[in-house]
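Inside the fold
If you want the building blocks of each chain, they are given just below.
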Amino acid sequence: MNIRKIITFALVLFAFTSCEREENSEGPNLDDLFGEFKVLDNFEVSAASVDFSTGEQVFFTSRFSTISAWEITIESTTSDAKKVIEGRSKVIDASNSIWDGSASDFPSFGTGLCTVTLLVLEDSSKQSKDVTVTGARVPNGIVVANFENGINPDWTLFKQAGANMSFVTRDTGVVPEGSKYLDMGGEVDWDWLIGLIDFPATAYGVNGFGLNSNPTDLYFNLILRKKPGLTNGIILFQFKEDENEDGTFTESSEDMYSVEVKGKDLTDDWSVYSIKYTDLKALVNGAPSTPNGNGQHNPDMLHTLSCLFLADPSSGYSQADMDLLIFTEGEALKL
Amino acid sequence: MKLEKYIALILLTLFVGYEAKAQKEEKVRKVWASGASRSVFQQNNLLLDTDTTTPKKLMSGHTLVDLAINAKPNDQTFLHGMVRIRNDFGGFWGSGVTFDIRQLYVKGLVGEAVRYQLGDMNYKLTPFTFYSNNEELSSHQSAGLSIFRDMVRYDMFYDEDNTWRQQGAAVDFALEFEKGIDELEVNVFSSRNRASDFAQQNDRVFFGGNMTLKQSDLFSLGVNYIDLMDLAGTSKSKNEFHNPVVTGTTKWNYSLKKYDLELNTESGVSRMYELNTAKEELKDFFLDMELSGKHKKTGTTVRFGYTNVGPQFRSVGAQSKRLNFEALNLMYSRYENGQLPRAISQMDVYQDASLYQLRLDPQLQAFSPAYDNVMPYGKATPNRKGFNLEVKRESKNEFYEIVLGGKILSEIVGQGGDDLRNFNTLDGELSLRFDKLMVNRKKPLELSLGYTSSRTERTTSFTEANVDLKSAMLDLGLKVGLSSDFELLANYRSITAQGNELLSVRNLNTEVVDFEAYSTDLVESLVLIGLRYNFSKKNRLDIVWQKMNWEDKKSGNKDYGINQFAIAYNLKF
């Protein structure tokens, strides 16, 4: 037997015998998917009452004999607030059913009794429990404005002398957060600007906005809606950074980043709009431009946040409602 | 846009200037032009009476020119730059003129011993390390069906050698020896798979190579290594992905009195892991052997092989697919009054370049069980073991060629339990060239017949988890030379698939985490008739009419048909 044959045979034998392989089957067990369905542990809630304002959370538990699709619906008995948690598993526990007081859609949860219903899609069975919310959830982040106390005198509000001007706080209808929101509206037929509000860092104490320096971990969020049929508005936010920390913003030599939300992109219902700070762009008349400062996003140096409400002067009356301007870290705002 | 126009203008100027000079210096060509051009016009008609929403008639087309400047400033260096100018006529392929740098590379020789290439390159290693597997439905394709398939492959840089288009660098050299060993060949390459976003996504590179020791014409031994890995420090992310694969190959030739024998083996191991994450490491091995024998007198070849690819074997360069079955078709992407997405059909596979991809993907991508449920990721499909056999014979006068083959495979580990799937395929192809029997006939008269069938079965203790999926493809092709330049092309292709499967649902680490029921009763048929005029070997005009019918009673989508009339002009220079 020549050397070539020996080498080949040896290599093949070596490859075949020297490796060991796990023989476990792949994927979930078929018993868990297609076996007989039974509820092994009934639906329970971890606490009868919860105070979300102090950071408390509540979770739900149940256990089935097979992997099943389930849906937990939490509904307030005092408002239209609703939260839906969905999953597909054999076990419902703290790893997949935590409720932190947030809602799936507006309005947010206030205090009061809530009904929690578990629907198991496998057999369409339902079980219900109650939980009482003793403290409403406070969104975790740095609040710039929630309009609960109206217009802060440390802000700068300007509105044109146009027709049907608003820029007032209101408490009518569905309020997404708290009890008040800002109504921005008016008709200005000589200028794009209808009105603006400047939120200077000095209005928030000696530490200003208190934002961290990492723009990739910071989100700017707000809640907006438009009036039915009105799509001509543009809401422009400008983030003016004081990079030399001299206490002033110099437009010609310091960065200003912006984001536009156009009326045609708004809905008639309240929605959360979020943008990561690092995704803000330098804009001139809505077009991307080169920033005038160090070209880096420095949220910790934010001097002033400006909100401008604009509309084409030939397009007539325009209006948009706004609530809860808030910076959050790590993720966008949850309702 | 301005930059592309500027570059195109420079290249055109260079072409005009240097081509004029090159004509004077015919003996030593230092700069010359090459490229391709085509013009395609298509008119499509959706045949579905109950659809009152979708525009039924769609017209589209484009003209494009690929203009390349080739330069050979010295014997050791070759430069190639190609610009594409494309003008779409409108319709679902868009409109407007686009300029694009299609490819750019330099290659050469260092010290008359080391070859290198920088820039765009086509590269491959072995079917288990770095290999571009043919797309589904590409077997048994005669001239008619190849008209548009060849355009797609040209656009996507897919070639007959199963290479992947990459951007990077490659070096190869060989060492010859006086005795004992004939030659040692070394090939190494590196390319960038993904660019950093400077935030949470690292630069990802693909590198590797091959070393083959050719002891003689009778024996050679090789080792291959590839790794797709993240470069730490190129973004803020601490996660680092790695997929190293090491394989060894042997090739042994032996000539008997009546037979030539060849034994090829490849075996290796793979790992896939991501540092600083909770993802489990996947590691496994494979073995592939093929013994082939050729009868010297008749030319009949018999191949017999065995393969064993572990369920956790991962090799991004070998398992990435050409077709993206999760993409939407360009043509009639939605149809019916409910505007449901139209499933990818065989006509889309042959013609729609937007369904194809060049990027290597670490996920085991979606596939079509109706088209290929047995080896959707080529030879490197994980969790397969079994035998294959192929017999091929070609007559000495080239009148006929016949190929018959089959595979008997099974899973290595079960999914959801211990019961294994069994896979069987049967494949046959017969080509008849009647013009080879006719002494005075120089024009082609060819008939081809191809058939592929496969079956996947599994029986478990749960009816819902039982699997029985059958599919078959029948292809008939005809090519008749009407004159020295005119040819008539005709094709009929039928694809059927019936039964059910329980498809794997995988997480981002490619582990099976769930199953999804799949059921099909698919019948597709396509008829094609075409006229071809050959201006020359590299220049032709095709006029084609084809009609496809599609139905799948289990899909919930309505049956439909598509008529297509197309004119395609192709030129290479």
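The structure this text deals with has already been given above.
Let me begin by describing the structure that accompanies this report. What you see is a predicted model, and the numbers here were worked out from it, not measured in a lab.

1. Looking at the overall build of chain A
Helices and strands together make up the secondary structure of chain A, namely two helices and 19 strands. Intrachain contacts of chain A at a sequence separation of at least 6 include 71% that bridge at least 24 residues. Accessible area of chain A: about 16,100 Å², with a carbon and sulfur share of 48%. If you average the places of the 24 positive and of the 50 negative side-chain charges in chain A, the two averages end up 8 Å apart.

2. Some details on the pairing of strand 21 (residues 486–506) of chain B
Residues and elements named next belong to chain B. Strand direction decides the pairing type here: strand 20 (residues 467–481) and strand 21, joined by 14 bridges, are antiparallel. Bridge pairing links Lys 479 to Leu 489 in strand 21. Taking the residues that link successive antiparallel strands as the turn, the strand 20-strand 21 hairpin has four residues. In terms of strand pairing, strand 21 meets strand 22 (residues 512–536) through 21 bridges, oriented antiparallel. Looking across to strand 22, one finds that Leu 503 is bridged to Glu 516. Counting the residues in the hairpin turn of strand 21 and strand 22 gives five residues, including Thr 510, whose phi is positive at 65 degrees.

3. Details of the sheet that holds strand 13 (residues 233–241) of chain A
Residues and elements named next belong to chain A. Spatially, the five strands line up as an open sheet ordered 8-11-18-13-14, and their pairing is antiparallel. The two strands at the open ends of the sheet, each matched to only one other strand, are strand 8 (156–159) and strand 14 (256–262). Strand-to-strand twist across the sheet, computed as the mean angle between neighbouring axes with direction ignored, equals 10 degrees. Sheet topology note: the strand 8/strand 11 (residues 193–200) ladder contains four bridges and is antiparallel. Residue Thr 156 lies in a different strand from strand 11, and its bridge partner there is Asp 198.

4. Remarks on the pattern of salt bridges
Scanning the entire structure with this criterion turns up 44 salt bridges over all chains. Ionic pairing is found between Lys227(A) and Asp321(A), a salt bridge with its closest N-O pair at 3.3 Å. Note that Lys227(A) is positioned in the loop between strand 12 (218–226) and strand 13 and Asp321(A) in strand 19 (residues 318–329), a separation of 94 residues in sequence. Residue class for Lys227(A) comes out partly exposed when judged on its relative accessible area of 25%. Asp321(A) gets classed as buried once you look at its relative accessible area, which sits at 1%. A salt bridge links Glu135(B) to Arg322(B); the shortest N-O distance between them is 2.7 Å. With Glu135(B) in the loop between strand 5 (114–123) and helix 2 (143–155) and Arg322(B) in the loop between helix 3 (316–319) and strand 14 (334–335), this residue pair connects regions lying 187 residues apart in the sequence. Across this residue pair, the class does not change: Glu135(B) and Arg322(B) are buried. By sharing partners, the salt bridges in this structure join Arg38(B), Asp66(B), Arg84(B), Arg102(B) and Asp155(B) into a single network.

5. Details of the interface of chain A and chain B
Across the boundary between the two partners, chain A contributes 26 residues, which contact 39 residues of chain B. Taken together, the connections running from chain A to chain B amount to one salt bridge. Among the salt bridges present, the one from Asp514(B) reaches Arg88(A), with a minimum N-O distance of 2.1 Å. The tally of links between chain A and chain B comes to five residue pairs in polar contact (both at pLDDT 80 or more). Breaking the side of chain A that touches chain B down by element, the ones donating at least two residues are helix 1 (3–18) and helix 2 (30–34) of chain A. Ranked by the residues each element gives to the side of chain A that touches chain B, the list is headed by helix 1 of chain A, at eight residues. Here the side of chain A that touches chain B is composed, by residue class, of ten nonpolar, seven polar and nine charged.

6. Structural notes on the side chain of Ser448(B)
Within the secondary structure, Ser448(B) sits in strand 19 (residues 445–458). If sequence neighbours within four positions are ignored, Ser448(B) has contacts with Ser142(B), Leu430(B), Ser431(B), Asp475(B), Leu476(B) and Gly477(B).

7. Let's talk about unusual backbone geometry
Glycine aside, negative phi is the norm for most residues, and most peptide bonds take the trans geometry. Residue and element names in this part refer to chain A. Of note in this structure, Glu 245 is not a glycine but carries a positive phi near 55 degrees. In this structure, Glu 245 sits in the loop between strand 13 and strand 14. On the accessibility criterion, Glu 245 (62% relative accessible area) is exposed. Unlike most non-glycine residues, Leu 324 shows phi in positive territory, near 45 degrees.

8. Remarks on the packing of aromatic side chains
All chains considered together, the criterion is met by 40 aromatic pairs over all chains. Arranged with centres 5.3 Å apart and planes meeting at 50 degrees, the rings of Phe220(A) and Phe327(A) form a pair that is tilted. Linking Phe220(A) in strand 12 with Phe327(A) in strand 19, this pair joins segments that are 107 residues apart in sequence. Both residues of the pair, Phe220(A) and Phe327(A), belong to the buried class. Ring geometry for Phe128(B) against Phe286(B): centres 4.1 Å apart, planes inclined by 15 degrees, an arrangement best described as stacked. With Phe128(B) in the loop between strand 5 and helix 2 and Phe286(B) in strand 12 (residues 282–295), this residue pair connects regions lying 158 residues apart in the sequence. Each member of the pair, Phe128(B) as well as Phe286(B), carries the same accessibility label: buried. Over the aromatic face of Tyr154(B) sits the side chain of Arg102(B), whose NZ or CZ is 4.5 Å from the ring centroid.

9. Some thoughts on the nonpolar core
With 64 residues, the main nonpolar core has Phe130(B), Phe189(B), Val349(B), Tyr356(B), Tyr371(B), Tyr560(B) and Ile562(B) as its most contacted residues. No other element matches helix 2 of chain B, which puts five residues into this core. Non-local contacts of Phe189(B), meaning those with residues more than four positions away in its chain, are made with Met121(B), Tyr123(B), Leu125(B), Phe130(B), Ala169(B), Ala170(B), Phe206(B), Phe207(B), Gly208(B), Gly209(B) and Ile226(B). Counting residues in hydrophobic clusters, the runner-up holds 38 residues, among them Trp155(A), Phe237(A), Tyr277(A) and Ala311(A).

10. A short note on a positive patch on the surface
Together, Lys257(B), Lys258(B), Lys294(B), Lys297(B), Lys392(B), Arg393(B) and Lys396(B) make up a region of like positive charge exposed at the surface. One can find Lys396(B) in the loop between strand 16 (384–394) and strand 17 (400–410).

11. Quick notes on a nonpolar patch on the surface
Residues and elements named next belong to chain B. Together, Leu 449, Leu 476, Leu 482, Phe 486, Tyr 492, Val 527, Ile 529, Leu 531, Ile 543, Trp 545, Phe 565 and Ile 567 line one region of the surface with nonpolar side chains, adding up to about 940 Å² of accessible area. Secondary structure elements with two or more residues in the nonpolar patch: strand 21, strand 22, strand 23 (539–552) and strand 24 (560–572). Here the element with the most residues in the nonpolar patch is strand 22; it accounts for three residues. Residue position: Leu 476 is located in strand 20. Judged by its relative accessible area of 38%, Leu 476 falls in the partly exposed class.

Thresholds applied
- Residues numbered from 1 in each chain as written.
- Chains lettered and ligands numbered in written order.
- Predicted model: local features only at pLDDT ≥ 70, side-chain atom pairs only at ≥ 80, totals over all residues.
- Heavy atoms only, no water.
- Helix = DSSP H or I, 4+ residues; strand = E, 2+ residues; numbered from the N terminus.
- Contact = heavy atoms within 4.5 Å.
- Areas by Shrake-Rupley, 256 points an atom, 1.4 Å probe, with all protein chains shown as cover.
- Lys, Arg positive; Asp, Glu negative; His and termini not counted.
- Charge placed at Lys NZ, Arg CZ, Asp CG, Glu CD.
- Pairing = 2+ DSSP bridges.
- Axes fitted to C-alpha atoms, helices over the stretch in contact; angles between N-to-C directions.
- Salt bridge = Lys/Arg side-chain N within 4 Å of Asp/Glu carboxyl O.
- Buried < 20%, exposed > 50% of the residue type's maximum accessible area, 1.4 Å probe, protein only.
- Polar contact = N/O pair within 3.5 Å; in protein donor to acceptor, adjacent residues only side chain to side chain.
- Nonpolar A, V, L, I, M, F, W, Y, C, P; charged D, E, K, R; others polar.
- Phe/Tyr/Trp six-rings, centres within 6.5 Å; stacked < 30°, edge-to-face > 60°.
- Lys NZ or Arg CZ within 6 Å of the ring centre and 35° of its normal.
- Core = buried A, V, L, I, M, F, W, Y, C linked by side-chain atoms within 4.5 Å.
- Patch = residues over 30% accessible without salt bridge, like charges linked within 9 Å, V, L, I, M, F, W, Y side chains within 5 Å.

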